Each structure stands twice: as structure tokens, then as C-alpha cells.
Amino acid sequence: MFSKLLIANRGEIAVRIARACREMGISPVAVYSDADRASLHVRVAEQAVHIGPSASNESYLVIEKIIAAARQVGADAIHPGYGFLSENAGFAQAVEDAGLILIGPPASAMRLMGSKTSARIAAQTAGVPLVPGTTNSLATLQEAESVAEAVGYPIMLKAASGGGGKGMRLVRSRDELASAYSLAQSEAASSFNDASVYIEKYIDRPRHVEIQLIGDHHGNIVYLGERECSLQRRHQKVIEECPSPVLDEGLRQRMGEAAVKVARAAGYVNAGTVEFLLDEQRNFYFLEMNTRLQVEHPVTELVTGRDLVHEQIRVAAGEKLSFSQDDILMRGAAIECRIYAEDPDNGFLPSPGVITRLVEPAGPGVRYDSGSYQGWEVPIFYDPLLAKLCVWAETREAAVHRLTRVLDEYTIEGISTTLPFFRAIARDPEFRRGEFDTGFIDRFLDPDARAKRSNDVPADPTLADLAAITAVLHTKASARGAESSQPRSAESRWKLEARLAQRR
Ligand code: MV4
């Protein structure tokens, strides 16, 4: 087993990995940028290495700095967490070349799944159902036209090097295709340095259900049930649950076995997630594979009773998985809310600043993974995820009631957060019944837009978010101190309802 592990990440996930290290008798080492000098992940680590300026492309994203930090402290292994370098095959290769162990899959599996077209070929070869479409990039507009005709409109154009909703375009009819094709190509070229796009049939009102799996170096791969991830806003997940309210044991087994087949075809080792779209008839289609530990892994841990980070570290050290497929039993229901330093009343604008008061969630059935503390200043440089609040209970209904209670106790002051938004969702009748698809959040935020937007694919968030960050830097000083810059009459209906409900 390793004696020292470098955590190439920050925030709540770095804290979560450090906890696993402590539990396993491994010394956790943090890395930090200028903006993270006082961050929680640095405080909980045994040692910490400064790796440069605040901008992540000068610190957390610089492969040589991470490798040098590991060498400097004599770490045997590196855990990349999620985001940053976690799915970078070049990083995986560099870690290996430095004689260190990456807590993650082989570079070859990252490369294969990093290309959506080669991932589709792998899934198809493994006999797993795909969304109908092409497994090769389109060569010409003429090819796009004939494929689209054969598949049948509406279709989606997706970037071969994309993923997570980036570089996607919905095409409803033939007369939209030519312009969508050239737009998709130029978006793909500028975002991913690869202009190639492919076609998928458009699945209307899908659910996003993903299978967690983990493999060891001895040929064992086990799936640990599913996560329901349909509640997203602009391709960012906001609430995840385990199990999915729409899966039964039969479908779970078929999807789990399909996911394992994909992983085997990729020569997969360590923790990974296979994403599927589920149509309204509950047919499932392979979408993509994420070759990392995911943000929402705790809901799987709560329901299966397994520690995925412990298991990742064990298999990376060459040990066999500590369980077999038959050992995996699912009990109860877990729900996760991603608590962000964002203002839901202002288009989810980032809300950096000092947390002046914090009452952390606690009590029966609560798991709280946080990278923040009272008095800490949320930096503007990174994803503003403050914490993940998870609840577990024997049934989904009890978990929703527990979530409502915990959200009402949880208090964060000094910055705006997404807490009020979650308090409203937890009280929504459709959410309570588990009746939702990937369009739920948009309809929830803007019920009037239901008809006109229900099938729409939201725009790529990157540019809008950059503008939002710029805007908040300008407005922050003047807005500080006021509870809300908006008159109450201008507040959204859901916010008012949530406040009233909370008073009751
Ligand atoms: C789709 C789709 C419908 N049909 N593909 C968005 C994120 C990326 N992982 C795939 N996405 C979608 N792909 C086909 N062929 C609809 C979406 C989609 C979506 C998927 C999951 C969760 C939320 C979503 C919101 C809008 C669109």
C-alpha cells in the first residue's frame, strides 16, 4: 500500500480524498494556488505544496508542477479528483513516466473514451445499444444530409471530442442542417481543436441515468447501481439520486451488465461511470463514459455502503476488489444537492465573497462533503461549489422529507447560494413524485417557457459564465450589505413560495 498520496485537486473533493487517506493510514499531501492558501483542503492535509498563481492554467492544470510536487514530497501516488487533469491522458502518461501511480484508469482507456466517436465504436463492438447515428465523423455536408435523412429528424450534431453537452446542436429539419453543420464544426474547432462532428438521433425528454463501476488489475469489474442525473441546468447537474426512481431490478441489471461490457472493451481499471439516455419507453442508449471519480459518487456510497475512494486506492495499489457483484446490495435512497456560491435570483451569477456565518447540516441520515468554512473567502477563480449535501433514508419519500428538514437548518450568510433554490425544489410536487426529465429545471425556473422551450438544448454556458463573472466583479462592491438588490415584487415565484413554506 502507498504511504504518501498527492491530491492534485482542491475544494471538497480534495478534502474527501484526504479523509480516505487518513482512514487508510496514508499521508495526504495537498497542492494549492495563491487563492487557496487558506482553503480547507490545505488545512486537512498532512503537508501542502504551493504550485503557483491563482489561475488554474498556471497551477492545478500544469502537469509538470503536479509531478514536481509529488517528487518533492516523495509521494507514491496521485489522485486527480474530478475536473482539472482527471481525464487528461497526457497527465496519466506523465504520472506513469515519472514512476508514480495514478489513482485512475490507464491513459489508453482515457484516450478511447475521450473521443465520443471511438467510445461509440467501443460500445457498439461490445454489443451495447447506442443512440442511432454515426460512429464516424461526418466528412461532408452531403454525408450529413443522407445520414440525417436515414436516421430521421430531429437529430443532434455533436462534437467528436466534446462531451458533457459542449458543442451540441439540435437540428429539427433538413433546412436547418447546413447552417447547424458549419456552426457545430466551428464551435468544435474552437472549443476542442477538432472540428469533427457526428450525428445522433434526438431523444425527446430523456432521462440521464449513469452506472457506477469499478475494476481491478485482476480482470474483475463490478457495477454499483445507477445514479439518476436528469436534474441539470445548462448541462450542470444540480441534484443527483440513487437509485433512479424509474429503474427496476431487471433494467438495473441489464444496464449494469451493459456498462461492464463497455468497460471491458476499453480495458478499464479503477472507478468509472457509463452514461445512458433513457427514452420515454425506458429503452437505454449508451451516451459516453466518464473516466474519473464523479462529483455525485457519495449517493452511490450511501446506498451501497461501499467507499469508492478507498476501493480506488486499493485497486491502484494492485489489490483485488474487496467485493464481487453478488456482494453489492442497494438499500434505501440517497439524494445529493450541489450547494453553489451562486445567486439563483440573478441567473445563477457566481457570488464570491466571505462566508460570514455558517450553520452546517447535521442530524440523522446526513452526509456533508464541504470545502468551505465560516470566515473563508470563496475565490473567484474556480468552480464555486461550496459543498455537497447528501441525505439517506429507507425510502425516497423519507429522503425527500429529510432533505427538506436539513435544507431548512442549513444556513450560509455573507454570499448568495443555491440553498433557496433547493428548498423550493424539495417542495415541488413533481420532484416529490420522482416525475421529471432533463427539461425539469428549465421549466421549474421559467414555467411560462414550458411550451416554447421544452425540447430545446440550452446554449453552451462558457461565454455567458465568463460574462457573468466579469459582471459580478463590477457589481459586488455596490451590492454588498443589501440582502437583495431586487424589490420583492420582482422576485421569482418559486423563491417567494420557498420563503413562505420555510416560515410555516
Ligand atoms: C442528447 C439528448 C437528446 N438526444 N443526445 C446533454 C449532455 C450530454 N452528456 C448529452 N446531452 C444530451 N444528449 C441525444 N441524442 C439530450 C441531451 C440533453 C441532456 C442530457 C442529459 C441531461 C440533461 C440534458 C439537457 C439537455 C440535453
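The coordinates are above.
Residues numbered from 1 in each chain as written. Predicted model: local features only at pLDDT ≥ 70, side-chain atom pairs only at ≥ 80, totals over all residues. Heavy atoms only, no water.

**Student:** Pulling in residues and values, what's your account of the site of the ligand?
**Tutor:** The immediate surroundings of the ligand are formed by 18 residues, with Lys158, Glu200, Lys201, Ile203 and Thr438 found nearest. In the environment of the ligand, a nitrogen atom lies 2.9 Å from a nitrogen or oxygen atom belonging to the side chain of lysine 158. Take glutamate 200: an N or O atom from its side chain is 2.9 Å from a nitrogen atom of the ligand. Across the complex, the protein chains shield 96% of the 510 Å² of accessible surface that the ligand would expose by itself. (Near = heavy atom within 4 Å. Polar contact = N/O pair within 3.5 Å; in protein donor to acceptor, adjacent residues only side chain to side chain. Areas by Shrake-Rupley, 256 points an atom, 1.4 Å probe, with all protein chains shown as cover.)

**Student:** Requested: an account of the state of the cysteines, with residues and values cited.
**Tutor:** What the rule picks out here adds up to zero disulfides. Considering cysteine sulfurs only, cysteine 229 is the nearest to cysteine 242, which forms no disulfide, with 9.7 Å between them. Taking the relative accessible area as the measure of exposure, cysteine 242 reaches 1% and is therefore buried. (Disulfide = S-S within 2.5 Å. Buried < 20%, exposed > 50% of the residue type's maximum accessible area, 1.4 Å probe, protein only.)

**Student:** If you had to explain the sheet that holds strand 14 (residues 333-340) to someone new, which residues and values would you point to?
**Tutor:** Spatial ordering of the open sheet is given by 13-12-9-10-11-14-21-19, a layout of eight strands whose pairing is antiparallel. A single partner strand is all that each edge strand has here, and the edge strands are strand 13 (284-290) and strand 19 (366-370). Across this sheet, the average inter-strand angle for adjacent strands is 25 degrees, counted without regard to direction. Relative to strand 11 (residues 236-242), strand 10 (residues 221-233) is paired through four bridges, and the arrangement is antiparallel. (Pairing = 2+ DSSP bridges. Helix = DSSP H or I, 4+ residues; strand = E, 2+ residues; numbered from the N terminus. Axes fitted to C-alpha atoms, helices over the stretch in contact; angles between N-to-C directions.)

**Student:** Now, about helix 10 (residues 297-304): what can you tell me, with residues and values included?
**Tutor:** Across the eight residues that make up helix 10, a large majority, seven, are buried. Within helix 10, the full set of buried residues consists of His297, Pro298, Val299, Thr300, Glu301, Val303 and Thr304.

**Student:** Explain the environment of valine 171 residue by residue, including any values.
**Tutor:** Of note, valine 171 is situated in strand 7 (residues 166-171). Here valine 171 falls in the buried class, since its relative accessible area comes to 0%. Here the alpha-carbon distance between valine 171 and leucine 157, two residues 14 residues apart in the chain, equals 7.4 Å. Those residues within four positions of valine 171 in sequence are excluded, and the remaining contacts are Tyr153, Pro154, Ile155, Leu157, Glu176, Leu177 and Ala180. (Contact = heavy atoms within 4.5 Å.)

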